[in-house]
2 protein chains.
Amino acid sequence: MTPKFRIALAQINATVGDISGNKKKIIRYIEEAKKRNVDIVAFPELSVIGYPPEDLLLKSQFVSDSVKSLEEIMTHTQDIMAIIGYANNDDEVSNAAAIVHNRRLIKSYHKIHLPNYDVFDERRYFRVGETGYVFEINDVRFGVSVCEDIWIPDSVTEDQVRYGGAQFIFNISASPFHRNKVQERKDVLIDRSRKNGIFIFYVNLVGGQDELVFDGNSMIMDNRGELRYSGKQFEEELIIYDLDTSKLEQKSVHPTPGTRIPCDYDIKVIPVEMFEINEKVKDYNAPKLRCSMSEMEQIYQALVLGTKDYIYKNGFSKAVLGLSGGIDSALTAVIAAEAIGPHSVVGVTMPSQYSSEGSIIDSELLADGLGITLYSVPIQKAFDSYKQMLSHLFKDTDEDITEENIQARIRGNVIMALSNKFGWLPLTTGNKSELSVGYCTLYGDMSGGFAVIKDVPKTLVYQLSLHINDKYKREIIPLNTINKPPSAELKPDQKDSDSLPSYDELDPILHLYIEQDYDIKRIIESGHNEALVKRIVRMVDRSEYKRRQAPPGVRISPKAFGKDRRMPITNHYH
Amino acid sequence: MTPKFRIALAQINATVGDISGNKKKIIRYIEEAKKRNVDIVAFPELSVIGYPPEDLLLKSQFVSDSVKSLEEIMTHTQDIMAIIGYANNDDEVSNAAAIVHNRRLIKSYHKIHLPNYDVFDERRYFRVGETGYVFEINDVRFGVSVCEDIWIPDSVTEDQVRYGGAQFIFNISASPFHRNKVQERKDVLIDRSRKNGIFIFYVNLVGGQDELVFDGNSMIMDNRGELRYSGKQFEEELIIYDLDTSKLEQKSVHPTPGTRIPCDYDIKVIPVEMFEINEKVKDYNAPKLRCSMSEMEQIYQALVLGTKDYIYKNGFSKAVLGLSGGIDSALTAVIAAEAIGPHSVVGVTMPSQYSSEGSIIDSELLADGLGITLYSVPIQKAFDSYKQMLSHLFKDTDEDITEENIQARIRGNVIMALSNKFGWLPLTTGNKSELSVGYCTLYGDMSGGFAVIKDVPKTLVYQLSLHINDKYKREIIPLNTINKPPSAELKPDQKDSDSLPSYDELDPILHLYIEQDYDIKRIIESGHNEALVKRIVRMVDRSEYKRRQAPPGVRISPKAFGKDRRMPITNHYH
């Protein structure tokens, strides 16, 4: 019999602040791993408290609770080793990985590389770890690191191998999704495993948390940089893998080794069945590589999971949204229906004198096809009453954007009234292109608890809609909705193209300015019209105040309008 | 004649991103200092680009523009030395102080201690500086440091003295105001100057930037920790001081001194007149100590400056707000009138069937006394139209908070319509107590561009109102407004006390929970009722989503609801 370690990666969905619930889930996974004779089970970064806990970490009781919860989890580690992410507290707070075994804390490793860019603020909360460790069991050595530690080349991983003689490592992560992130992660892990000649067991969090979606996609890389296993995306999973330790290389151990913590116990390896509530892994030593999802499907699933977790984790069971007959609200409705079921979604048409008959028909078609409830609340009378109320003040003025915004705000008020009366979460339907240039009404169509597609540019809204119809092989989003020219329908014969360039022109400029931080000159040099670029940039800069008051929504790009983009409102830089 | 350095501190109001405007202002102050035969003039931290520039720093062009602007400023330094805060860029971006003289960059010092807590995110943007310097002129040595550098004991200042032989130092700062901040700063400077036996020339920024107010209050501490001069608060000022260098001590210079940059030129000291656009300092060597403002006046002035700079720096000239007859909107109106003049402020009463006659009279009294315009827009008809619109959906329900919120949102829509039509900045009037417990309507009374008193607890609203009446020796805020029980007037005979404890009970609990991060147990141990504490904490936790969409407003406490408090919305920690 070859010497083996049976290793499990518990790709769980932890909830921020739910220390008790997360603890129970971790214990449940440990017990399941024990049943399957796992030797070492690893959980994601900060599993005990959820990620990112933000300023909860400034509450000393919160961090004490994290430690206390870990201690309770420890009592369930008889005959199994567990690696668990938690916040530790000795004098200062650390982003820690507890290595526990037989009810005993072997070591608390403190994350060394604390990301403080994009959506990350870890230097705000955590002390920088100073020491890496390797652990030896029956003459086999492995290292443990936390998320960013493995992203930095020639650092923690290399030290663990060169100075500690690590033959494989665990990296426990909370790595949020954005487009192309799967490939970025894979590239890093391939590089680290190949250069160091080690297996890497990478376990990532899954679940939505405010603007972030953690997509799981845990991975096992062998010592030649080959992907041995790729975990599910957007779902919990317990991954089990038998590591043949007889074939592991060991690099020469440097004369000043890292601290060595021996834990001499017998590893039992017995064939077991799969973890039934998750995917069955039939052949441990040659697990199947999952066909990775298409990019469109990844984005769609990220939007679905982000929406679902926001709704449920915030204690809602139903959602409400305005349906305009346009593609944005249609896509949002589909995502909501996929997330919480069509019977839990209420759409509302709120026609005014400027609404086309087609818009109402398209909304009805959508609602029917999707199986969601549809209400109708015509807003004309309210609109008339505002005009009357304000007539003494507006008597010498022309109708302008004011009257358009009044309509949008009446609709916002109606959606909020339904939310207040029935306890439904209101969803907003604006896309990233609109929000970028401020083509949206604050307290109007921007009213709501969650902005499902706020990070989805309009051109991607179209792609996703076609993808959905293609995936389900039917016209879920009515073709007329996809094909008609976009319009806010707030004045006679209005079209988006009256105020904006075509989205095919707009989106690439927005991408360069917002996501790439290009300056105007460089955008123009990339082949865009100078006057247009200047106009767009001005629109983006001037609508910062709207975005500051926008609801949160799912991040799917490397730079969304959340914690990853912190622009001053008062800003004279142009 | 005794050897002297004539030193100037240019306490300026820089605007974020206004690189061209800030440059012009800096040059103007340098020219003024030259006229007054100043030897060394110091400007606040990041003066060239404004503070905090946030993610503008991620744009490489922005940092290049900062450097370019500094180079233009340098051409104006013939016969004067200037110390100027700017963002430097060599490979990485630094929070830098340029020491320039005779059109030449003597040195660029890079801030060593980068704050990354509270409202500060400097580790997100800047490389940590590694080297301190002292500068020698005619055998006199001085050091330069940036803001946080002087707050950390046994660090930069001490090294400059012990290893560099510094006899005095400049600290250039961007230190935002909050209650008691003046004393905190003074304590630090007293400690550093006394322990090191050095003069400290501390120059701070002035002006409002989104949620922050920089209050100036530059200081000169002598080598025994005595305050020689305390700069104006909330105003620009050029402070000039003749330092008698013959009496400066020099600690023994350690055998490994800091890098020494000699700049051998003659210092001319000639008696001069004062900088006329600011306070005249009659006797340089014994400048008068300004009587420091009372705490109430400091807070009031912070609110005024924060509001004024937000309005003007964002290109508005007028503001509009709803007047309910209550104390919150009255105080907000007074602050707005003080900030931009009463003729630029428009108040709007929006009575419904639940508004008392007294409320309208109180609003009229306030508007008359203050000299602001008052409009009246009764909202009853709009309210009726909403009820009618929604009657088919609400037919089996009772009236509840939904109908209250509809009224608040109609008012929000009216204020926004006036803002849209006439280009006025809408101000919101909610206080910190309300915003803490969620006793406010999202998209209703929370609608607006700037929330003037969002960091002012209700009990402080009363204190400020009494202070204002006392200061102006007349009933600016009507006594009836101050004395009547607070009410939202959204249903018959409603009082705040129906839903909330008295503000005298509420505010201390909120202070402990929000500003002190106490846990429930500790708040109760401080002498508060258990059931009440639990209820309040739950209300605070559950209304995080409202605060996320609140407009910015002036920060006057050590923990406001801005960048200094970053709580997850999805949060199961209770």
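Reading the values: rules and limits
- Residues numbered from 1 in each chain as written.
- Chains lettered and ligands numbered in written order.
- Predicted model: local features only at pLDDT ≥ 70, side-chain atom pairs only at ≥ 80, totals over all residues.
- Least-squares fit on C-alpha atoms with pLDDT ≥ 70 in both.
- Contact = placed C-beta atoms within 7 Å.
- Helix = DSSP H or I, 4+ residues; strand = E, 2+ residues; numbered from the N terminus.
- Nonpolar A, V, L, I, M, F, W, Y, C, P; charged D, E, K, R; others polar.
- Buried ≥ 20, exposed ≤ 12 C-beta atoms within 10 Å, placed from the backbone.
- Pairing = 2+ DSSP bridges.
- Axes fitted to C-alpha atoms, helices over the stretch in contact; angles between N-to-C directions.
- Domains from an automatic or database assignment.
- Expected span 1.5 Å × (residues − 1).

1. Some points on the relation of the copies chain A and chain B
Then step 1. Once chain A has been moved 0.0 Å along the axis and rotated by 180 degrees, it coincides with chain B to within an RMSD of 0.0 Å. As the rotation angle and translation indicate, the two copies are arranged about a two-fold axis. Relative to the rotation axis, the C-alpha of A:Gln549 is the closest in chain A, positioned 2.1 Å from it.
Then step 2. Most of the interface of chain A is mirrored in chain B: 100% of its interface residues are interface residues there too.

2. Points about the interface of chain A and chain B
Then step 1. Across the boundary between the two partners, chain A contributes 68 residues, which contact 68 residues of chain B.
Then step 2. Listed by contribution, the elements that provide at least two residues to the side of chain A that touches chain B are helix 1 (19–35), helix 2 (60–74), helix 3 (122–125), helix 7 (295–313), helix 10 (380–389), helix 11 (391–394), helix 12 (401–422) and helix 20 (544–548) of chain A.
Then step 3. For the side of chain A that touches chain B, the leading source of residues is helix 12 of chain A, giving 13 residues.
Then step 4. Counted by class, the side of chain A that touches chain B contains 31 nonpolar, 21 polar and 16 charged residues.

3. Re the pairing of strand 8 (residues 168–173) of chain B
Residues and elements named next belong to chain B.
Then step 1. The buried count for strand 8 comes to 6 of 6 residues, which makes it a mostly enclosed element.
Then step 2. Burial along strand 8 is two-sided: Phe168, Phe170 and Ile172 facing one way and Ile169, Asn171 and Ser173 facing the other are all buried.
Then step 3. Summarising the sheet, strand 8 and strand 9 (residues 199–204) pair through 6 bridges and their orientation is parallel. Of the residues in strand 9, the one forming a bridge with isoleucine 172 is valine 203.

4. Remarks on the sheet that holds strand 3 (residues 81–90) of chain A
Residue and element names in this part refer to chain A.
Then step 1. Read from one edge to the other, the open sheet built from 6 strands follows the order 5-4-3-2-1-14, with strand pairing classed as mixed. Two strands bound the open sheet, and with one partner strand each, they are strand 5 (104–110) and strand 14 (237–244). Pairs of neighbouring strands in the sheet enclose a mean axial angle of 30 degrees, with direction left out of account.
Then step 2. Across 6 bridges, strand 4 (residues 92–101) lies against strand 5 in antiparallel orientation. Bridge pairing links alanine 96 to histidine 110 in strand 5.
Then step 3. Each of strand 3, strand 4 and strand 5 touches helix 2; the most contacted strand, strand 3, lies at about 155 degrees to it.

5. Some details on the environment of A:Ile468
All names here are of chain A.
Then step 1. Residue position: isoleucine 468 is located in helix 14 (residues 458–472).
Then step 2. For the pair formed by isoleucine 468 and isoleucine 30, sequence separation is 438 residues and the distance between their alpha carbons is 38 Å.
Then step 3. Sequence-distant contacts of isoleucine 468, that is, excluding residues within four places in its chain, are made with Tyr300, Val334, Ile476 and Ile477.

6. Focus: unusual backbone geometry
All names here are of chain A.
Then step 1. Here the residue pair tyrosine 51 and proline 52 is connected by a cis peptide bond, since its omega of -10 degrees sits within 30 degrees of zero.
Then step 2. A positive phi angle, near 65 degrees, is found at aspartate 79, a position not held by glycine.
Then step 3. Its place among the elements puts aspartate 79 in the loop between helix 2 and strand 3.
Then step 4. Owing to 14 C-beta atoms within 10 Å, aspartate 79 belongs among the partly exposed residues under this scheme.

7. Points about the domain arrangement of chain A
Residues and elements named next belong to chain A.
Then step 1. When cut into domains, chain A gives domain 1 (4–248), domain 2 (297–498 + 543–548) and domain 3 (501–542).
Then step 2. When each unit is reduced to the centre of its C-alpha atoms, the spacing between domain 2 and domain 3 is 26 Å.
Then step 3. Between domain 2 and domain 3, the contact holds 10 residues from the first and 12 residues from the second.
Then step 4. Breaking the side of domain 2 that touches domain 3 down by element, the ones donating at least two residues are helix 13 (432–437) and helix 14.
Then step 5. With 3 residues, the single largest contributor to the side of domain 2 that touches domain 3 is helix 13.
Then step 6. When grouped by side-chain class, the residues that make up the side of domain 2 that touches domain 3 number 2 nonpolar, 6 polar and 2 charged.

8. Things to note about helix 5 (residues 181–196) of chain B
All names here are of chain B.
Then step 1. The terminal C-alpha atoms of helix 5, which comprises 16 residues, lie 23 Å apart, in line with the 22 Å expected from a rise of 1.5 Å per residue.
Then step 2. Here the buried face of helix 5 lies against helix 3 (148–151), helix 4 (156–162), strand 9 and strand 12 (219–221).
Then step 3. Phi turns positive one or two residues past the end of helix 5, at glycine 197, with a value near 60 degrees.

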